[in-house]
Amino acid sequence: MKALILNFSIIALFVHQDLSAQPFSSIEIGASLSSVSIFDKSYSKRWKISPAKSLQVRTPFYIGIIGTNIDLFEYQAKNSQVSDFTSINFSSYLGLNVLKFKSFSASTGVIVGIQKIETDSPEFDFNSEERELYFAFSLEPKVQINRIILFGDFQYRKIFNYYRQHLLTVGTGIRINLSVSKKVRDFVD
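Residues numbered from 1 in each chain as written. Predicted model: local features only at pLDDT ≥ 70, side-chain atom pairs only at ≥ 80, totals over all residues. Heavy atoms only, no water.

Draft legend 1. The arrangement of the packing of aromatic side chains in detail. Applying the stated criterion to the full structure yields eight aromatic pairs. A connected cluster of aromatic rings, assembled from ring pairs, spans Y43, W47, F73, Y75 and F85. Across from the ring centre of Y43, 5.8 Å away, lies the NZ or CZ of R46, which sits over that ring. The ring of Y93 has R58 sitting right over it, with the charged end atom 3.9 Å from the ring centre. (Phe/Tyr/Trp six-rings, centres within 6.5 Å; stacked < 30°, edge-to-face > 60°. Lys NZ or Arg CZ within 6 Å of the ring centre and 35° of its normal.)

Draft legend 2. Summary view of unusual backbone geometry. Unusually for a residue other than glycine, K102 sits at a positive phi of about 55 degrees. Judged by relative accessible area, K102 falls into the exposed class, the value being 72%. Positive phi outside glycine occurs at N146, with the angle close to 55 degrees. Looking at the element boundaries, N146 is found in the loop between β7 (129-145) and β8 (148-159). (Buried < 20%, exposed > 50% of the residue type's maximum accessible area, 1.4 Å probe, protein only. Helix = DSSP H or I, 4+ residues; strand = E, 2+ residues; numbered from the N terminus.)

Draft legend 3. Local environment of the nonpolar core. Among the nonpolar cores identified, the biggest contains 18 residues, and W47, I49, F73, Y75 and L167 are the most heavily contacted of them. If you list the elements that add at least two residues to this core, you get β1 (26-38), β2 (47-49), β4 (64-77), β5 (85-101), β6 (104-118) and β7. Here this core takes three residues from β4, the largest share from any one element. (Core = buried A, V, L, I, M, F, W, Y, C linked by side-chain atoms within 4.5 Å.)

Draft legend 4. Region of interest: the pairing of β8. Pairing analysis gives ten bridges linking β7 to β8, with the strands arranged antiparallel. By the bridge assignment, Y134 is partnered in β8 with I159. Counting the residues between successive antiparallel strands, the hairpin from β7 to β8 contains two residues, one of them, N146, with a positive phi of roughly 55 degrees. Bridge count between β8 and strand β9 (residues 165-179): twelve bridges; the pairing is antiparallel. Among the inter-strand pairings, Y156 is bridged to a residue of β9, identified as L168. (Pairing = 2+ DSSP bridges.)

Draft legend 5. View of a nonpolar patch on the surface. Taken together, I29, L99, F101, F104, V143, I145, I148, L150, I174, I176 and L178 make up a surface patch of nonpolar side chains, about 900 Å² in accessible area. By residue number, the principal contributor to the nonpolar patch is β9, which donates three residues. Checked against the element boundaries, I148 lands in strand β8. The exposure class of I148 is partly exposed, given its relative accessible area of 35%. (Patch = residues over 30% accessible without salt bridge, like charges linked within 9 Å, V, L, I, M, F, W, Y side chains within 5 Å. Areas by Shrake-Rupley, 256 points an atom, 1.4 Å probe, with all protein chains shown as cover. Salt bridge = Lys/Arg side-chain N within 4 Å of Asp/Glu carboxyl O.)

Have a look at this one:
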């Protein structure tokens, strides 16, 4: 699976490149809901993960797309020997448009972020919060109808805990595309 996603991302670098994208010419703001699966047995035996709720911002940036994400989900204990954890993830996105056909398009990208997990369990009162770096590869097919964007969100995520954690998220979402005025674009430039 890792090799497939990595190969697709590399191929995407050499496919359709829209060099006419104007930086910050528009902004997409939206939300998604995703199912999250854990690949690692050491984690999946102890926890199941609730659906992830995400807020996302995207904007054109020269030959690609940049953005930010905030994801929230729960590690729910499968037995009483482990605790529940809340996970909030802050990340940056850098992507490329790899396909465009009328109102359908697709992009692939890399996500770099920090996962912050915390618990209310009294057994962790000395260290109830932890932060870990993560990387993800993303595929985002989307359909745009006027200003509304309906999109799919597929991510393979590697979290750098002491024992590495590998997640797959599959979800759908909606964003609205807003134009940015020339004054604001000039200010950003």
